[in-house]
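Understanding the architecture of this molecule
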Amino acid sequence: MWKKIYAWLDERLGLQEMYTSILDRPEPKGNWWNTLGSASLFLFLLQGATGIFLTVYYTPSPDHAYDSIQYIMESVAFGWLIRGIHHWGATLMVLVVFIHMLRVYITASYKYPRELTWLIGVGLLITTLGMGFTGYLLPWNQRAFWATTVGTQIAGSVPFIGNFILKALRGGPDLSALTLQRFFSAHIWMLPAILAALIGVHLYLIIKHGESHFPTEED
Amino acid sequence: MNQDIKQKIHERYQRELQRGERFWPDSIFKDLVMATAIFLLLILLATFVGVPAEPKADPSDTSYVPRPEWYFLFLFKFLAIYGQIPVIGKIEWLATVIVPTIAIGLLVLLPFIDKSPHRYYGKRVFAIGVMAIVVVSMVTLTLMADVPTTGEGIYIPGILQTIGGLVVPAVAYIILILMNFVFKKTSAGAMIWTSGITIVLMIGLTAATLALAPQVEKTETEVALTLEDQILAGQDLYSIHCVECHGDDGSVTVIEGVAGLEGKAVMPISGKDVLYTLNDASLAEVISYGRPDAGMNPFGKAYNPEGLTKGEIDYIVTFMRYSWDDRFEKPQMKPVFPPLAEGEVPSYEVHIAPIVKRYCISCHRPGKENNNYPMTTYEEIVYSGDHAGKNVVAGSMESYLLQVIQGTPIIENGEEVIGVMPPKSTLKPDVIDAFVRWVMAGMPNTAADAAAVK
Amino acid sequence: MSGSRHMSRRDFVKLSTAILGSFIGAVIGIPAIGYLIAPALREDKAGKPVVIGNLKDIPIGKPFPFSFTVTKVNGWERTASSFGGFVIRKSEAKEDILVLSSRCTHLSCRVNWEENRQVFVCPCHDANFSLEGKVLNGPPPAPLGKFEYQVQDDGTLVIIPLEVLQEA
């Protein structure tokens, strides 16, 4: 019975091909440093899941953002856990992505034929930092508010177009409800969409070229 | 890169694959173990460290010292140190725009800059040396983030920071670049030594900076999380800032005994006319802006630099709602001070301080007319005031404080020098009892002192 | 031999993969369910008794209007909504009391008592209700709602602020 269903699905989806091309691949002898990329992916998925749960109660408005998070922390069952994981997950994700990048740099895995994988990786690092920056404002507490004020001011110090960038980031000259709303939008829609797309290409390239081996004196 | 080298790289990779493993299940298993470890770490962090509570954003509170997320701290510190450099330090965009752009540009272009096919560490001393210094800079700058960049006079930590965080790595980059691109024959050993010494220097200077740094006292802002704590925080703030004019139950209609506002009519703020018609936001606005035409000062930071933050005003509003608005049910509250058992001796720390905070501090603090008798600390209560020495006398019911709270004004030379306290209400019997027991037992300060009295 | 060992290692890895995967899924999934349904598990605070007044102040034979406010705290939002109704005493007896809601069962407009015609009139679509709350004419599908009430020993009338709709 199950075999029949599997056979039917396999005929249409090509499960066996997928298995051989994605999972049953030969690889160079592995190393624990090689798990950091998949750990980043895991953290991305975990951040996605907990982030989606947080939006169930979170309200991106200056009047209620703080209260809604207070509510999540104090009154919702396991709210402290979901927010705690999301909060620390962000920290850990930046750390893991960064160490992953260092590992690639030190083993020179960015060299032929994996140049493009590296390029996409740099995009992933920057987008991850963007997620951290936009997410930091959302709790709308003192720390968030003033850190973002300074952060956007730094972006505003660009010569000639600084003021324009500042206003584009903040949605106006001041840090306001508009800033919160656009940071929220960036944090839950735009940047995750970019991240997901880049991750897709990154993974395709890894499968295409295989994971790099650890260099020896030969290399 | 020519075809031969490409061919060689592919052949080499095929050989590695021959000696390798399968993605499933070998790699996936390792990945999963790693993921589980990270997940457990997150659960532990969420459970035992949690997310630190912070007060609500208050755009009017410009005294707040901004601090970015920890992974941007190194940039933050870099900008601060950079700003100390004469002349170019003033050109902000060099550091905020050019340096990050170069850094990101180098990262992006890395595979096209570093075109040699060699991957072995020994053949990449320059690349690894530079990256090591970059990473150590990021770590040391992060560690030094809390140390102030400037100080009075010859401020040694500031000088050390600038040297360790900026000068040493900059010099090292230049030396390494010269070694690698100009004097092409430099040995790997020289580069390793240069990087190594740089890193040791940076770590040493950071350690010295941290050791010499002035201890910055961390001001912990208390954040009331539960409704009960918010009401209590609001009540304490109300006792300090509002009781004088509005009375402890908010029912005052004519202000008495307040200089400048004597005899002014006020709306009773605990009535339905106020509570039913103003929502929380409007109440907060009234407290923040005050009613200057009617004599009420602004209490919010937005209009009064010494004033209350948004969060504090919110606590007062919550206190008013839950105490006086009959539509809201007040949660079960803890008593002001732990009830005293038969024969128990109260201490300042546990019993008297919260009582004083609730009932006395609104007038008995600096800047108020109170016979120079502030009551904000133990020392002040026992030793200060125009009547110092008579206010509280260990073991004496004649103590002025005990007399006035029990309804006996103090008469000296036929003149009333201290009226009954509090002026417009009477303390509850258990509060008076606590004061009496405390003075009779010799005003113990800490709980341990009180226990020793027995 | 090596082949069978290889297989068993594969099976071991498969098993541990499944265990670790379901562990992570469960630790995040089960709290997530609690998190999502938490508001549904909260105890309903509605139904706290509301004092209307003393019986001796309420006339007999004539609907006595009253109103009360109920505040709801939903998360970080506090709302106060006002409700109204009429107490109708038919005789001195404590049991002979009817407490009607003033909310029209058609579109929730507030009905008023019209003394001359001895009917409740809904201002929205001119529907009429009798003194007992029955629909006399107009679009309302059901009679006016009732409140449950209690008379305390000192004659204080207390209602439970949950409207009970009568059978049509």
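Cut-offs used in this document
- Residues numbered from 1 in each chain as written.
- Chains lettered and ligands numbered in written order.
- Predicted model: local features only at pLDDT ≥ 70, side-chain atom pairs only at ≥ 80, totals over all residues.
- Heavy atoms only, no water.
- Disulfide = S-S within 2.5 Å.
- Helix = DSSP H or I, 4+ residues; strand = E, 2+ residues; numbered from the N terminus.
- Buried < 20%, exposed > 50% of the residue type's maximum accessible area, 1.4 Å probe, protein only.
- Phe/Tyr/Trp six-rings, centres within 6.5 Å; stacked < 30°, edge-to-face > 60°.
- Lys NZ or Arg CZ within 6 Å of the ring centre and 35° of its normal.
- Contact = heavy atoms within 4.5 Å.
- Buried area = accessible area lost by both parts, 1.4 Å probe.
- Salt bridge = Lys/Arg side-chain N within 4 Å of Asp/Glu carboxyl O.
- Polar contact = N/O pair within 3.5 Å; in protein donor to acceptor, adjacent residues only side chain to side chain.
- Nonpolar A, V, L, I, M, F, W, Y, C, P; charged D, E, K, R; others polar.
- Pairing = 2+ DSSP bridges.

A closer look at the state of the cysteines
Residues and elements named next belong to chain C. Applying the stated rule across the entire model yields one disulfide over all chains. Two residues, Cys-109 and Cys-124, share a disulfide whose sulfurs are 1.8 Å apart. A torsion of -100 degrees about the S-S bond marks the disulfide between Cys-109 and Cys-124 as left-handed. In this pair, Cys-109 is assigned in the loop between strand E4 (97-101) and strand E5 (112-114) and Cys-124 in the loop between strand E6 (119-121) and strand E7 (128-129), connecting sequence segments 15 residues apart. For Cys-124, a relative accessible area of 38% gives the class partly exposed. The thiol sulfur of Cys-122 is not disulfide-bonded, and the nearest other cysteine sulfur, from Cys-104, lies at 3.8 Å. On the basis of relative accessibility, which here comes to 2%, the residue Cys-122 falls in the buried class.

Comments concerning the packing of aromatic side chains
Summed over the entire model, instances satisfying the criterion amount to 29 aromatic pairs over all chains. Relative to B:Tyr121, the ring of B:Tyr120 lies with its centre 5.5 Å away and its plane at 45 degrees, an arrangement referred to as tilted. A residue is classified by how much of its surface remains accessible, and B:Tyr120, at 23% relative accessible area, is partly exposed. Ring centres of B:Phe126 and B:Phe181 lie 5.4 Å apart, and the angle between their planes is 80 degrees; this geometry places the pair in the edge-to-face category. Residue B:Phe126 is located in helix H5 (residues 125-143), and its partner B:Phe181 is located in helix H6 (residues 156-182); the two are separated by 55 residues in the primary sequence. Looking at B:Phe126, the relative accessible area reads 19%, which means it is buried. Members of the aromatic cluster, each reached through a chain of ring pairs, are A:Phe53, A:Tyr57, A:Tyr71, C:Tyr35 and C:Trp76. Residue placement shows A:Arg25 over the ring face of B:Phe23; its charged tip is 4.3 Å from the ring centre. A cation sits over an aromatic face here: B:Arg124 above A:Tyr105, 5.6 Å from the ring centre.

A look at the environment of B:Pro52
Counting through the fold element by element, B:Pro52 comes out in the loop between helix H2 (23-49) and helix H3 (73-82). Sequence-wise, B:Pro52 and B:Val223 are 171 residues apart; in three dimensions their C-alpha atoms are separated by 9.7 Å.

Quick word on the interface of chain A and chain B
Between chain A and chain B, the residue contacts involve 86 residues of the former and 81 residues of the latter. Of the roughly 7,800 Å² buried between chain A and chain B on both sides combined, carbon and sulfur atoms contribute 67%. Counting across the interface, chain A meets chain B through six salt bridges. For the salt bridge of A:Arg143 with B:Glu54, the shortest nitrogen-to-oxygen distance reads 3.7 Å. Our count for the contact surface shared by chain A and chain B stands at 32 residue pairs in polar contact (both at pLDDT 80 or more). Mapped by element, the contributors of at least two residues to the side of chain A that touches chain B are helix H2 (15-23), strand E1 (26-27), helix H3 (36-55), helix H4 (65-74), helix H5 (79-106), helix H6 (115-137) and helix H7 (142-155) of chain A. The leading source of residues in the side of chain A that touches chain B is H5(A), at 18 residues. When the residues that make up the side of chain A that touches chain B are grouped by side-chain class, the tally is 49 nonpolar, 21 polar and 16 charged.

A short note on the pattern of salt bridges
Tallied over the entire structure, the rule returns 18 salt bridges over all chains. In this structure, the salt-bridge partner of A:Arg12 is A:Glu11, at a minimum N-O distance of 3.7 Å. Judged by its relative accessible area of 67%, A:Glu11 is exposed. Ionic pairing is found between A:Glu218 and B:Arg15, a salt bridge with its closest N-O pair at 2.9 Å. Here B:Arg15 lies in helix H1 (residues 3-18) and A:Glu218 lies in the segment after helix H9 (177-209), a pairing that spans two chains. Counted as one network, the salt bridges with shared partners bring together A:Glu218, B:Arg12, B:Arg15, B:Glu16 and B:Arg19.

So, the side chain of A:Asn141
Counting through the fold element by element, A:Asn141 comes out in the loop between H6 and H7. Look at A:Asn141 and you get buried, because its relative accessible area is 10%. One polar contact links the side chain of A:Asn141 to the main-chain amide nitrogen of A:Ala144, over a distance of 2.9 Å. Contact partners of A:Asn141, with chain neighbours within four places excluded, come to A:Tyr66, B:Glu54, B:Pro55, B:Lys56 and B:Ala57.

Some words on the sheet that holds strand E8 (residues 135-137) of chain C
Residues and elements named next belong to chain C. Read from one edge to the other, the open sheet built from four strands follows the order E5-E6-E7-E8, with strand pairing classed as antiparallel. On the outer flanks of this sheet lie E5 and E8, each paired with one strand and no other. Note that E6 and E7 share two bridges and pair antiparallel. What sits directly across from Val-121, in E7, is Asn-128.

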